[in-house]
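Fold and contact review
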There are 2 protein chains.
Amino acid sequence: MTEDTFSTIGQMCEEFDVTPRTLRFYESKELLFPKREGSRRLFTRSDRGRLVLILRGKRFGFSLEEIRQLLDLYDIGDQQQTQIARTYSVALERLEAMRAQRAELDDAISELEAQMDHARTILKSRGVGAAA
Amino acid sequence: MTEDTFSTIGQMCEEFDVTPRTLRFYESKELLFPKREGSRRLFTRSDRGRLVLILRGKRFGFSLEEIRQLLDLYDIGDQQQTQIARTYSVALERLEAMRAQRAELDDAISELEAQMDHARTILKSRGVGAAA
DNA sequence: AGTGAAGTTGACGCGAACGTAAGGTCGAAC
DNA sequence: GTTCGACCTTACGTTCGCGTCAACTTCACT
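For the structure given in this document, a descriptive report is provided here. Treat the numbers as computed from the prediction; the structure is a model and nothing was measured.

Around DNA strand D, 17 residues are found, and the nearest of them are Thr19, Tyr26 and Lys58 of chain A together with Arg24 and Arg41 of chain B. Restricting attention to atoms of DNA strand D within 4 Å of the protein, one finds that 68% of them are sugar or phosphate atoms. Between a phosphate oxygen of DNA strand D and a side-chain N or O atom of Arg36 of chain B, the distance comes to 3.3 Å. Taking Arg41 of chain B, its side chain carries an N or O atom lying 2.7 Å from a phosphate oxygen of DNA strand D. Taken together, the elements giving at least two residues each to the surface near DNA strand D come down to helix 2 (20-28) of chain A together with helix 1 (9-16), helix 2 (20-28) and strand 2 (40-42) of chain B.

Following this line, the structure appears as structure tokens:
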């Protein structure tokens, strides 16, 4: 059941569309913790889960260091309570930041939409048929 | 009426909480176009407007180059039609990207909220009073 | 034994977005 | 007349997130 879930670096790269360099870099930054078979990396199910979160975090503009802190939240198990509490507060700040960002994003989308309406008007008044 | 709207670099820095280096850098990248009084920069009302948009764009992870292209949309006046149309399509892509990002952000917020619920549960079960 | 694919560890390179001296100018203040 | 604060230019330094060799090793095949 927990077998065959181990992937080589090549399989991971194909699965997630990243380069080997990227995965090694993430390991060096302690974002991933593949096992070793001799010198070769074996990525676990846990690593895949973490990678999903890493890639998502990146899309929001979080730094790898910020992501690393957030990842701890997903690995609550045998950690210290103080560590958990600290991670929790980090996540809370992050959550607030994300909510704020969403609000700004909503505004920005509205603004951009308005500006594009404006542009369409101008284009039409000039008789250019480039607006959808 | 259009008087006294000119600001020195120092005033701008205070107003927007940026460094002089940043404003000069933006000028070098043609994001801002302050007038000159001798060698000293005089930032106009237009520059302030653009700076607002620059800072917002940055919060969404747009590159300065992308922002520069978007800024053109706000300066439609005596431009060429082809230029406007090109800028329009750039903005359209950007808008789609922003909408996609908002959708992902919504998901991520939900996930993070769920994880924090999870963390709270664990903290409570361990009798730690750090959860709000 | 040889070849090739896939993996490894350095180590240097790079573009973005500024930071950070280092040194020069210029007008107002003392 | 010099000192001071605010500004200027030039230019090298820095962090992030990898890309890109270079130089092996290891293993499966033939």
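This brings us to helix 2 of chain B. All names here are of chain B. The set of residues buried in helix 2 consists of Leu23, Tyr26 and Glu27. Mapping the buried residues of helix 2 onto a view down its axis gives an arc of 100 degrees, with all of them on the same face. Turned more than 90 degrees away from the buried face of helix 2 sit Arg21 and Ser28, all of them exposed.

The next thing to look at is the relation of the copies chain B and chain A. Superposing chain B onto chain A takes a rotation of 179 degrees combined with a translation of 0.0 Å along the rotation axis, leaving an RMSD of 0.4 Å. On this basis, the relationship between the two copies can be described by a two-fold rotation axis. No C-alpha of chain B lies nearer the rotation axis than that of Gly61 of chain B, which sits 3.0 Å from it. The overlap is high: 100% of the interface residues of chain B also sit at the interface in chain A, so the same surface is used on both sides.

Right, let's get into the interface of chain B and chain A. Taken together, the contact between chain B and chain A spans 39 residues of the former and 39 residues of the latter. Summing both partners gives a buried area of about 4,200 Å² for chain B against chain A, and 67% of it is carried by carbon and sulfur. For Glu111 of chain B, the salt bridge goes to Arg56 of chain A, with nearest N and O atoms at 2.6 Å. Those elements that provide at least two residues to the side of chain B that touches chain A are helix 3 (45-59), helix 4 (64-73) and helix 5 (81-125) of chain B. When residues in the side of chain B that touches chain A are grouped by element, the largest group, 26 residues, is from helix 5 of chain B.

What follows deals with the nonpolar core. Leu23, Ile54 and Leu112 of chain A together with Leu23, Leu51, Ile54 and Leu112 of chain B are the most contacted members of the largest nonpolar core, which has 62 residues in total. With residues near it in sequence (within four places) discarded, Leu23 of chain A still touches Ile9, Met12, Cys13, Val18, Leu32, Phe43 and Leu51 of chain A.

Attention shifts here to the protein's contact with DNA strand C. Lining the immediate surroundings of DNA strand C are 17 residues, of which Gly10, Arg24 and Arg41 of chain A together with Thr19 and Tyr26 of chain B lie closest. When atoms of DNA strand C within 4 Å of the protein are split into backbone and base, the sugar-phosphate part holds 69%. Between DNA strand C and the protein, one listed contact pairs a phosphate oxygen with a side-chain N or O atom of Arg41 of chain A at 2.5 Å. Between a phosphate oxygen of DNA strand C and a side-chain N or O atom of Lys58 of chain B, the distance comes to 3.1 Å. Within the residue set of the surface near DNA strand C, elements represented by two or more residues are helix 1 (9-16), helix 2 and strand 2 (40-42) of chain A together with helix 2 of chain B. Sort the elements by how many residues they give to the surface near DNA strand C and helix 2 of chain B lands first, with four residues.

The rules behind these values
- Residues numbered from 1 in each chain as written.
- Chains lettered and ligands numbered in written order.
- Predicted model: local features only at pLDDT ≥ 70, side-chain atom pairs only at ≥ 80, totals over all residues.
- Heavy atoms only, no water.
- Near = heavy atom within 4 Å.
- Polar contact = N/O pair within 3.5 Å; in protein donor to acceptor, adjacent residues only side chain to side chain.
- Helix = DSSP H or I, 4+ residues; strand = E, 2+ residues; numbered from the N terminus.
- Buried < 20%, exposed > 50% of the residue type's maximum accessible area, 1.4 Å probe, protein only.
- Arc of directions from axis to C-beta.
- Least-squares fit on C-alpha atoms with pLDDT ≥ 70 in both.
- Contact = heavy atoms within 4.5 Å.
- Buried area = accessible area lost by both parts, 1.4 Å probe.
- Salt bridge = Lys/Arg side-chain N within 4 Å of Asp/Glu carboxyl O.
- Core = buried A, V, L, I, M, F, W, Y, C linked by side-chain atoms within 4.5 Å.

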